[in-house]
Amino acid sequence: MRSLNLHSMLLGIAGIVLASPTLAADDEVLIGAPTSFSGWMAAFDTSPTRAAEIAVDDINAKGGLLGKKVRLVHIDTKTDPAETSKAAQALVRQGAKMIMTACDFDSGAPAALVAQAASVIAISSCGADMKYGNMTIGNDVFTMATDAEATGRTIADWGAKKKGWKTAYVLTDTFIEYDKSLCRGFLSRWKELNGDQSIVLEDSFKNADVSVASQISRYKDLGKPADAMIICSVPPGLASAIRQFRSAGVEIPILEGTGGDGSAWHSAVPGLSNFYYLNYSADAGVTEPRPDAEAFFKAYEKKYNERPGSGQGITGYSVVQAWAKAVERAGSFDTDKVRGEMEKFTDEPLLAGLTTFTPKLHTNVNRPMLIISVMDSKPVPLGYYDIRKGDFVTWW
Amino acid sequence: MNIVQLLVDAASLGSQYALVALGIGLVFGVMRMINFAHGDLIMIGAYALVVPTAADLAAPLIGAWPFPLLIAGILCVVTLVALATERFAFRALRKRGADGSTLLISSFAVSYLIQSLVLFIHTGRPKSVSIFGALTQQVTIHGVRVGLVDIVTIIVTILLLLGLSLYLRRSRAGIEIRAAAEDFTMARMLGVRADRAIALAFGLSGILAAAVSLLYVAKTGVLDFRMGVPLAIAGFVGTVIGGMGSLPGAVLGGFSLGAASMLLQALLPAELRPARDAFVYGLVIVVLLFRPQGLFVTGNAGERI
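Residues numbered from 1 in each chain as written. Chains lettered and ligands numbered in written order. Predicted model: local features only at pLDDT ≥ 70, side-chain atom pairs only at ≥ 80, totals over all residues.

Novice: Outline the overall build of chain A, listing residues and values.
Specialist: The helix and strand inventory of chain A stands at 11 helices and 15 strands. Here the C-alpha radius of gyration of chain A, 22 Å, is about what a compact globule of 396 residues would show, namely 21 Å. Over its C-alpha atoms, taken along the principal directions, chain A stretches across nearly 85 × 45 × 40 Å. Per-residue burial for chain A yields a buried fraction of 56% across its 396 residues. For chain A, the share of sequence-separated contacts (at least 6 apart) that also reach a separation of at least 24 residues comes to 66%. (Helix = DSSP H or I, 4+ residues; strand = E, 2+ residues; numbered from the N terminus. Rg over C-alpha atoms; globule rule 2.2 N^0.38 Å. Buried ≥ 20, exposed ≤ 12 C-beta atoms within 10 Å, placed from the backbone. Contact = placed C-beta atoms within 7 Å.)

Novice: Provide a residue-level description of the interface of chain A and chain B, including the pertinent values.
Specialist: Each partner contributes residues to the interface: chain A has 33 residues there, and chain B has 37 residues. By residue class, the composition of the side of chain A that touches chain B is 16 nonpolar, 13 polar and four charged. (Nonpolar A, V, L, I, M, F, W, Y, C, P; charged D, E, K, R; others polar.)

Novice: Lay out the UniProt feature "transmembrane region" (unreviewed entry) in chain B with the relevant residues and their values.
Specialist: Residue and element names in this part refer to chain B. Residues annotated in UniProt with the feature "transmembrane region" (unreviewed entry) correspond here to residues 16–34, 69–90, 102–124, 144–168, 197–218 and 230–257. Segment residues 144–168 splits into 84% helix and 16% strand. End C-alpha atoms: 37 Å apart. Regarding residues 197–218, the helix share stands at 100% and the strand share at 0%, and the terminal C-alpha atoms are separated by 32 Å. (UniProt positions renumbered as here; feature names shortened; annotations may be inferred.)

Novice: I'd love a proper account of helix 9 (residues 291–304) of chain A, names of residues and values included.
Specialist: Residues and elements named next belong to chain A. Here helix 9 is 14 residues long and its end C-alpha atoms lie 20 Å apart, about the 20 Å a rise of 1.5 Å per residue gives. Looking only at helix 9, the buried set comprises Ala293, Phe296, Phe297 and Tyr300. Angular distribution of buried residues about the axis of helix 9 spans 100 degrees; they occupy a single face of the element. Helix 9 presents Pro291, Lys298 and Lys302 as exposed residues on the side facing more than 90 degrees away from its buried surface. The inward-facing, buried residues of helix 9 contact helix 2 (42–61) and helix 10 (314–330). A positive backbone phi angle near 60 degrees is found at Asn305, which sits one or two residues after helix 9. (Expected span 1.5 Å × (residues − 1). Arc of directions from axis to C-beta.)

Novice: Describe in detail the domain arrangement of chain A, supporting the description with residues and values.
Specialist: Residues and elements named next belong to chain A. Looking at the assigned domains, one finds that chain A contains domain 1 (2–146 + 292–355) and domain 2 (149–279 + 369–393). The partner domain 2 presents 11 residues to the nine residues of domain 1 that form the contact. A breakdown of the residues in the side of domain 1 that touches domain 2 according to their chemical character gives two nonpolar, six polar and one charged. (Domains from an automatic or database assignment.)

Novice: Explain the sheet that holds strand 4 (residues 121–124) of chain A to me, and be specific about the residues and the numbers.
Specialist: All names here are of chain A. Judged by pairing direction, the sheet is parallel, and its five strands sit side by side in the order 2-1-3-4-5 without closing on themselves. With one partner strand each, in any of the chains shown, strand 2 (69–76) and strand 5 (141–143) form the two edges of the open sheet. With direction set aside, neighbouring strand axes in the sheet form an average angle of 25 degrees. Across two bridges, the pairing between strand 1 (residues 28–35) and strand 3 (residues 98–101) is parallel. If you follow Ile31 over to strand 3, its bridge partner there is Met98. Running at roughly 145 degrees to strand 4, helix 10 makes contact with strand 1, strand 3 and strand 4 of the sheet. (Pairing = 2+ DSSP bridges. Axes fitted to C-alpha atoms, helices over the stretch in contact; angles between N-to-C directions.)

Novice: Explain the sheet that holds strand 14 (residues 378–386) of chain A residue by residue, including any values.
Specialist: Strand pairing in a sheet relies on backbone hydrogen bonds, with the paired strands running either antiparallel or parallel. Residue and element names in this part refer to chain A. Read from one edge to the other, the open sheet built from eight strands follows the order 7-6-8-9-10-13-14-15, with strand pairing classed as mixed. Sheet topology places strand 7 (199–205) and strand 15 (391–393) at the edges, where each strand pairs with a single neighbour. Taking the axes of each pair of neighbouring strands and ignoring which way they run, one obtains an average angle of 30 degrees across the sheet. Here strand 6 (residues 168–173) runs beside strand 7; their pairing, made up of six bridges, is parallel.

Novice: Tell me what's going on with the confidence of the model for chain A, and back it up with residues and numbers.
Specialist: Mean pLDDT for chain A: 91, with 94% of residues reaching 70 or above. Every residue in residues 10–21 of chain A scores below 50 in pLDDT, and together they form two contacts with partners more than four places removed in sequence or on other chains. (pLDDT = per-residue confidence, 0-100.)

Novice: Can you break down the environment of Val280 of chain B residue by residue, with the values?
Specialist: Residue and element names in this part refer to chain B. Relative to the elements of secondary structure, Val280 occurs in helix 11 (residues 276–290). Residues Val280 and Gly258, 22 residues apart in the sequence, show an inter-C-alpha distance of 9.2 Å. Ignoring anything within four residues of it in the chain, the contact list for Val280 reads Ala260, Ser261 and Leu264.

Novice: Report on the UniProt feature "domain: Leucine-binding protein" (unreviewed entry) in chain A, specifying residues and quantitative values.
Specialist: UniProt feature "domain: Leucine-binding protein" (unreviewed entry): in the numbering of this structure it lies at residues 29–374 of chain A. For the annotated span residues 29–374 of chain A, helix accounts for 40% and strand for 18% of the residues, and the straight-line distance between the end C-alpha atoms is 43 Å.

In structure tokens, the structure reads:
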């Protein structure tokens, strides 16, 4: 009995000693970021997490939040679900008032589960899976992303209304959920606008497929070109498919969701043209129309010596921005109060774009997105397109 | 649907898989070992085309060299890595009499090591590079579209198969490789420098992997640290259904696997197409039930390569 007591006492002391250096001080409030800086998710988590750091800098430069300094604690989760869960638990124990989760549902869900269980707000940067926004995990979980299906509806709306395209060929990469949702949204909106017969062909491929020759042949067998095609995919499969379609002389406009962002893959298709995709903001090499977003890119470049390679990085800034706005309006860090304020967001002008949450929906389905056109490998922003207006909008 | 076009499309994947299977078949024939890292040798060859950096934008390195130097450069890099894996990961195990399954585990370790290194250096974001731009063109013959890169892949595969078979049968070094493959101890007793023979076989498999690197990137333009894994699996399955231990068998097996995959992609109804691989590998099981020795093994199947 005595040894047991001693044992637990020692454990307790060890726990205090281990935990105390990182516990929040009275004059500061902690935000936890269990995201990946190594492993394959690092490519998707690094710039949102850095963007969140800049948001924290901005808040502290203005005197902090409710009189407290904000501190972001990042733990590298190494693209590993077990590490992610462990890191989130450690951050919650340290007293984090908000947990930023990964730019992908499968990678971020372990952290969101921990946060929900501890009644801490969890916000994903660019995880566009509906499961982040529809209470699958619980009502403390939000995402700054635009829902994948809504993204597909937006690009369809733009193509049909602004370009007047009537017929479309839909090619879905069946490997990733995001892409299936994207094409589903595209199909439903395109048919609403142009009729059921306007989809001339639906086909699929897998991201790792070396050859899309039979998809090309099936399309060519139609005998006449569609007005446009959408390839719902991400690199490397996206780049490989476009290289092969263009090589086969298929020159029709190609549409894409946020998976087409960044110019890193453009070298696979020399002279890439007639390609359109949409995004939250400009990516490196594209001129950003919004002054506040442009100021963010300058701050990012100053701090990290480069611009975020992907236009999705900006969502990380808004993870902190959205939560901080809600905290200020609630006048409290209390989870229920902060959640209540976030659920009142209606076209809230955040850096990630106009943001609307409701008690039922913690993701965005009607957000204007930046449409970018690529001609001769040169990306040019066309403007923020709002599906509700059927036109480009400015709100800044 | 044009039947000839269908077959040409099938060949576009079949030819890539055939070349992968040839490299895996060679090492299997010599060492009775499935070199799972063969796919990662292909990946290394592809990444050697660009500057090693964590930056998103990949600037070409060897990929910017003139055509003959580019080929020579990639052949050198991949061959050296193949030789290094033999020297440091497999030789010691072989000397201790490790069996094929131990060597297989070791090849998994090599595979993960190479992938982790590339992930560390290049990050997980896929990169891209365009080489042999002229090969991306398509020619139309009697209404049938054929990609130049596919024609070149088929020619290269046939030439490498013939060259390798001749080398193994006619040259002294080739005969030594076959002797070491047949009975390692006996070969040594008869004066064959067996370590050298086996290293040579790995070097040859490196050349075959480098050929895939170049043709794969010419076709797709993309680099991904995981790109080797599906290729290694396809090459391995190709060797098995072709008949283990036969080089022409491996090539035909790889070709059949790729062609079957493309034919199913073309012929399956739209709802079933996402399940294509289930059909492909279901077919593989059926083939093995009826021809466990492989599809293309003939009378002299006693020989290992």
